[in-house]
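# Understanding the architecture of this molecule
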2 protein chains.
Amino acid sequence: MAKQKPRTLSGFMELLPARQAQFERMAELLRKAYSLYGFTPLDTPIIEASEVLLAKAGGETEKQIYRFTKGDSDLSLRFDLTVPLAKYVALHYADLSFPFRRFQIGKVYRGERAQRGRFREFYQADIDVIGDGKLDIVNEAEIPAVIYQTFTSLGLKRFQIRVNNRKILNGFYQLIHWNHRAGDIMRVVDKLDKIGAEKVGLMLYDEVGMDQDAVDEVLKFISIKGDNQEVLSALEEYRGQNETFDQGLDELNTVVKYLAAFGVPEDHFTVDLTIARGLDYYTGTVYETAMLDHPEIGSICSGGRYDNLAEYYTDKQLPGVGISIGLTRLFYVLEEQGYLNDQLNTAPADVLILPMTDDLSPAIAFATKLRQAGVRAQLYTEQKKFKQKMSYADRLGVPFAAFLGEDEIAQGKVSLKDMATGEQKLLDVDEAAQAVLAALKASGDAAPIKEPERS
Amino acid sequence: MAKQKPRTLSGFMELLPARQAQFERMAELLRKAYSLYGFTPLDTPIIEASEVLLAKAGGETEKQIYRFTKGDSDLSLRFDLTVPLAKYVALHYADLSFPFRRFQIGKVYRGERAQRGRFREFYQADIDVIGDGKLDIVNEAEIPAVIYQTFTSLGLKRFQIRVNNRKILNGFYQLIHWNHRAGDIMRVVDKLDKIGAEKVGLMLYDEVGMDQDAVDEVLKFISIKGDNQEVLSALEEYRGQNETFDQGLDELNTVVKYLAAFGVPEDHFTVDLTIARGLDYYTGTVYETAMLDHPEIGSICSGGRYDNLAEYYTDKQLPGVGISIGLTRLFYVLEEQGYLNDQLNTAPADVLILPMTDDLSPAIAFATKLRQAGVRAQLYTEQKKFKQKMSYADRLGVPFAAFLGEDEIAQGKVSLKDMATGEQKLLDVDEAAQAVLAALKASGDAAPIKEPERS
């Protein structure tokens with residue numbers, strides 16, 4: 001028969017089993033972290049009616065959409081989890097209780113130009129809190145705690161949550177009377193890390209056409225640095241001149257005030273006045289998260305406060321705050337940078353059972369006992385040489401192998417081999433199950449991320 | 001602004017939060033059950049190149065495919081998890097260890113005619129064991145244990161795993177010299193439950209054109225009933241006349257022999273000679289699973305042994321055995337029939353914390369403590385009347401509410417209210433965390449399925 005060459009589309013991540021197990025562990029820890037903060041899991045279709053999904057979209061986004069017809073229907077694949085959330089909340093408004101806190105981990109689709117590290121199908125892991133009409137500032141103060149808990153549970157240590165408030169930015173630009181060009185100014189300021197303050201000043205003068213006084217005001221503002229109290233004190237200097245600014249500063253004060261109670265260490269959090277997160281959508285606190293040793297990767301978890309989630313679908317005012325992790329890209333980056341913990345148990349089973357007799361009943365009964373005790377057990381019953389069986393155990397990376405030969409069976413025992421140490425013990429069936437459970441418990445909390453030693 | 005009416009496409013399941021929590025719990029228990037048997041989690045793209053995905057497809061299946069172009073690419077959404085598995089194993093053959101045991105829980109797409117209870121986007125939950133060249137019969141014997149463990153862990157009790165062997169069927173039809181019409185005969189026999197043996201006999205005579213002797217042979221064969229040993233004994237009567245039949249009978253004997261060691265109770269398993277599972281694909285043991293009180297629903301978990309997983313992609317002989325649960329349809333059926341356990345805790349949080357003071361630090365610190373102890377905690381900080389706050393707690397179904405007023409804070413305590421009993425206690429912060437943990441542990445193992453009382 002003529003064969004079809006098997007292939008996976010470029011831009012679509014497909015992992016080998018051990019890597020997939022690491023990815024699953026990360027997704028599981030995200031679900032757990034999000035759940036601890038009272039977010040409920042949500043699932044929405046990957047396909048939506050185009051007129052619904054694209055009610056707001058336009059420009060670059062729309063070009064990337066996977067859009068097609070099936071029968072009479074004009075359909076599109078979701079390109080993020082925010083638009084489906086807006087649809088969901090507008091559609092099911094009467095059945096939801098507000099604030100509505102949901103997390104969603106799911107695949108989204110963007111037909112981007114294929115290039116290394118860019119994915120056309122990728123997981124996003126989002127949380128959002130949606131209020132009905134109003135939403136208290138404490139929800140914004142809680143987000144850094146979720147980010148901190150999430151990445152800490154994954155095993156990441158050297159990261160920093162960077163926070164700003166859009167009201168402070170908007171108020172500041174009103175205050176210097178350049179709010180009509182705020183978008184252009186922020187686009188230039190965004191280059192600060194790359195080109196430095198001097199060139200930012202020149203561009204503001206030459207390209208945006210600001211007068212030198214205004215340029216100096218901007219440079220002074222974005223040079224405000226220091227610990228959180230120092231930054232907040234410097235911002236107090238501007239108080240009393242613009243209502244929006246003052247409100248933003250109050251909000252930022254609240255966010256910083258509750259950090260300690262939320263369990264976020266000071267060294268994992270910083271107020272950063274250069275962060276803006278786009279132009280239109282966000283209206284209050286905005287968040288980015290940087291890997292300290294890899295600034296070139298950019299933010300690995302971003303989001304912010306918005307005033308109107310679902311204005312394209314409903315007249316209801318639905319303010320919210322949310323963050324998103326691009327999980328597929330994050331996983332790719334972690335692998336590239338050597339951050340995946342290869343000590344994580346990624347084997348399909350904790351014990352590989354190798355029966356040595358024709359009657360398999362004792363080996364099967366042992367497998368059943370292990371499974372009842374919560375141990376993942378696999379029977380290996382293929383007709384192979386012993387060496388090949390052990391090679392299989394090695395390749396899977398199972399922590400334990402168990403042998404049941406005639407001697408063991410006659411004594412009601414199994415030979416349990418620790419694959420890491422090579423140590424082999426003759427144990428009662430119950431003892432063996434307990435020994436495996438104890439060993440797994442001791443090693444079971446390994447995190448999927450392990451930062452490389454820094455030189 | 002003109003609003004776009006929000007809607008979800010028909011044939012696409014979108015659940016409200018409490019139902020979604022039940023669905024997630026089912027998926028989590030499936031992952032756990034499959035993992036206990038040494039299956040590794042796999043994920044593959046939802047979109048594949050059409051020429052790859054449709055290498056084998058044709059007829060009805062192909063009509064249902066969501067197929068479209070993006071740029072120059074002819075793309076299709078997967079319609080099951082088996083073809084992507086075949087592609088995966090053929091593509092990554094050199095990097096896999098065999099037997100390769102994987103589970104996959106993912107969405108698949110079929111543009112079926114819209115009708116109640118039919119879904120165009122639905123989850124399948126599959127396991128497969130793939131051998132390289134050969135695969136031992138014990139893998140087929142293990143499958144009923146996986147099915148039993150899976151449904152038992154979900155809380156289903158009144159179900160039965162029904163097993164047959166295609167070699168027995170094929171051998172039998174060879175033996176009566178009607179193997180050239182085996183497909184037609186099996187299609188008629190498949191109606192046995194609905195139309196009875198007499199009409200099956202008439203149809204075999206009239207429509208298939210069998211002689212009366214052959215019809216009688218078929219009717220005698222499919223009337224073989226009884227416990228497993230009785231059926232196996234009756235089948236022994238045919239031994240020695242056809243090699244395929246004898247091999248199938250040996251395999252069936254092995255499957256039955258190891259049931260007890262695999263922990264499958266006799267009353268949850270039956271040999272059923274009327275089960276065939278399609279015509280071409282399966283070659284050995286075949287499985288169906290029936291809900292005893294709802295025969296009209298049909299099989300809720302089916303599968304079997306096949307000889308060649310990936311023949312469209314590779315010359316390698318890759319025999320396997322697998323089963324599939326149509327999770328979305330199962331969930332729909334369980335809900336319809338009142339099988340979902342409404343005692344399951346589906347709230348987004350275990351504790352809703354209601355601060356009663358302006359300074360929220362003590363309430364936030366209490367939330368942080370609960371979360372560090374693994375308790376899902378939500379802060380409610382909206383400016384609402386007390387009654388509205390309690391109504392919110394009621395609607396979410398949180399097991400506990402915690403109040404922190406000035407009195408409590410002064411004493412370093414919280415008032416913890418058990419929402420089910422109404423009982424309220426003043427406790428130290430640590431005591432409160434322990435009380436919640438203890439209560440959750442006591443109720444935490446609730447299964448998502450609870451069979452209705454039968455009258």
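Positions within a chain are numbered from 1, following the residues in the order the chain's sequence is written. As they are written, the chains are lettered A onward and the ligands numbered 1 onward, keeping that order. Given that this is a predicted model, residues contribute local features only at a pLDDT of at least 70 and side-chain atom pairs are listed and counted only at 80 or more, while totals for whole chains, interfaces and linings are drawn from all residues. Processing note: side-chain calculations cover all non-hydrogen atoms of the structure and skip hydrogens and water entirely.

### A short note on a negative patch on the surface
Residues and elements named next belong to chain A. By definition, no residue in a patch forms a salt bridge, and every one has over 30% relative accessible area; like charges are joined within 9 Å, nonpolar side chains (Val, Leu, Ile, Met, Phe, Trp, Tyr) within 5 Å. Residue exposure ignores everything except the shown protein chains as possible cover, and the areas themselves are Shrake-Rupley values with a 1.4 Å probe. Salt bridges are counted wherever a side-chain nitrogen of Lys or Arg sits within 4 Å of a carboxyl oxygen of Asp or Glu. A positive count includes Lys and Arg, and a negative count includes Asp and Glu. His and the chain ends are not counted in either. For charged residues, the charge sits on one atom: NZ in Lys, CZ in Arg, CG in Asp, CD in Glu. Together, Asp211, Asp213, Asp216 and Glu217 make up a region of like negative charge exposed at the surface. Each helix corresponds to a stretch of at least 4 residues labelled H or I by DSSP, and each strand to a stretch of at least 2 residues labelled E; elements are numbered beginning at the N terminus. As for its placement among the helices and strands, Glu217 is situated in helix α9 (residues 212–222). In this scheme, a residue with accessible area under 20% of its type's maximum is buried, one over 50% is exposed, and one in between is partly exposed, where area comes from a 1.4 Å probe on protein chains only. Relative accessible area serves as the criterion here: at 30%, Glu217 is assigned to the partly exposed category.

### Topic: the interface of chain B and chain A
Residue contacts follow a heavy-atom distance rule, with two residues in contact if any of their heavy atoms lie within 4.5 Å. Each partner contributes residues to the interface: chain B has 101 residues there, and chain A has 101 residues. Note on definitions: buried area is the accessible-area loss of two parts on being combined, 1.4 Å probe, summed for both. Summed over both sides, the interface between chain B and chain A buries roughly 8,500 Å², with carbon and sulfur atoms accounting for 58% of that surface. Scanning the region where chain B abuts chain A turns up 12 salt bridges. The salt bridge partner of Lys257(A) is Asp359(B), with a shortest N-O separation of 3.9 Å. What qualifies as a polar contact is a pair of N or O atoms within 3.5 Å, subject to a donor-acceptor requirement within protein and to the restriction that residues adjacent in sequence count only when both atoms come from side chains. Across the contact surface, chain B and chain A share 48 residue pairs in polar contact (both at pLDDT 80 or more). Top element by residues in the side of chain B that touches chain A is helix α1 (residues 17–36) of chain B. It accounts for seven residues. Classifying every residue of the side of chain B that touches chain A gives 53 nonpolar, 20 polar and 28 charged. Gly falls in the polar group here, along with every residue not listed as nonpolar (Ala, Val, Leu, Ile, Met, Phe, Trp, Tyr, Cys, Pro) or charged (Asp, Glu, Lys, Arg).

### Considering the packing of helix α6 (residues 166–175) of chain A against α9(A)
Residues and elements named next belong to chain A. A fitted line through C-alpha atoms serves as each axis, taken over the contacting stretch for helices, and the angle formed by two N-to-C directions is quoted from 0 to 180°. Look at α6 against α9: their axes get within 11 Å of each other, and the N-to-C directions meet at 155°. On the basis of their axis angle, the class for α6 and α9 is roughly antiparallel. Helix-helix and strand crossings are classified by hand; for α6 and α9 the assignment is right-handed. Residues Ile168, Leu169, Phe172 and Tyr173 of α6 form the contact with α9, whose own contacting residues are Glu217, Val218 and Phe221. When the residues that make up the contact of α6 with α9 are grouped by side-chain class, the tally is six nonpolar, no polar and one charged. We call two directions roughly parallel when the angle between them is under 35 degrees, roughly antiparallel when it is over 145, roughly perpendicular when it lies between 65 and 115, and oblique otherwise. Note on convention: the crossing is left-handed when the near helix lies turned anticlockwise from the far helix by less than a right angle, right-handed when the turn is clockwise.

### Side note on the relation of the copies chain B and chain A
Superposing the copies works by least squares over the C-alpha atoms of residues that have pLDDT at least 70 in both of them. The two copies are related by a screw operation: chain B maps onto chain A through 180° of rotation and 0.0 Å of translation along the axis, at an RMSD of 0.0 Å. On this basis, the relationship between the two copies can be described by a two-fold rotation axis. Minimal C-alpha distance to the rotation axis in chain B is attained by Phe68(B), lying at 3.0 Å. When you check the interface residues of chain B against chain A, 100% turn up at the interface there too, and the contact is symmetric in its surfaces.

### Notes on the sheet that holds strand β6 (residues 121–130) of chain B
All names here are of chain B. When DSSP locates at least two bridges between a pair of strands, those strands are taken to pair. Taken together, eight strands build an open sheet; the order of strands is β1-β5-β6-β11-β10-β9-β7-β8 and the sheet is mixed. Strands at the two margins of the open sheet, each flanked by one partner only, are β1 (40–41) and β8 (269–271). In the sheet, strand β5 (residues 100–109) pairs with β6 via 10 bridges, with the strands oriented antiparallel. Paired with Lys107 across the strands is Tyr123, a residue of β6. Sitting on the sheet, helix α12 (residues 327–336) is in contact with β5, β6, β9 (282–291) and β11 (320–326), with an inclination near 40° to β11.

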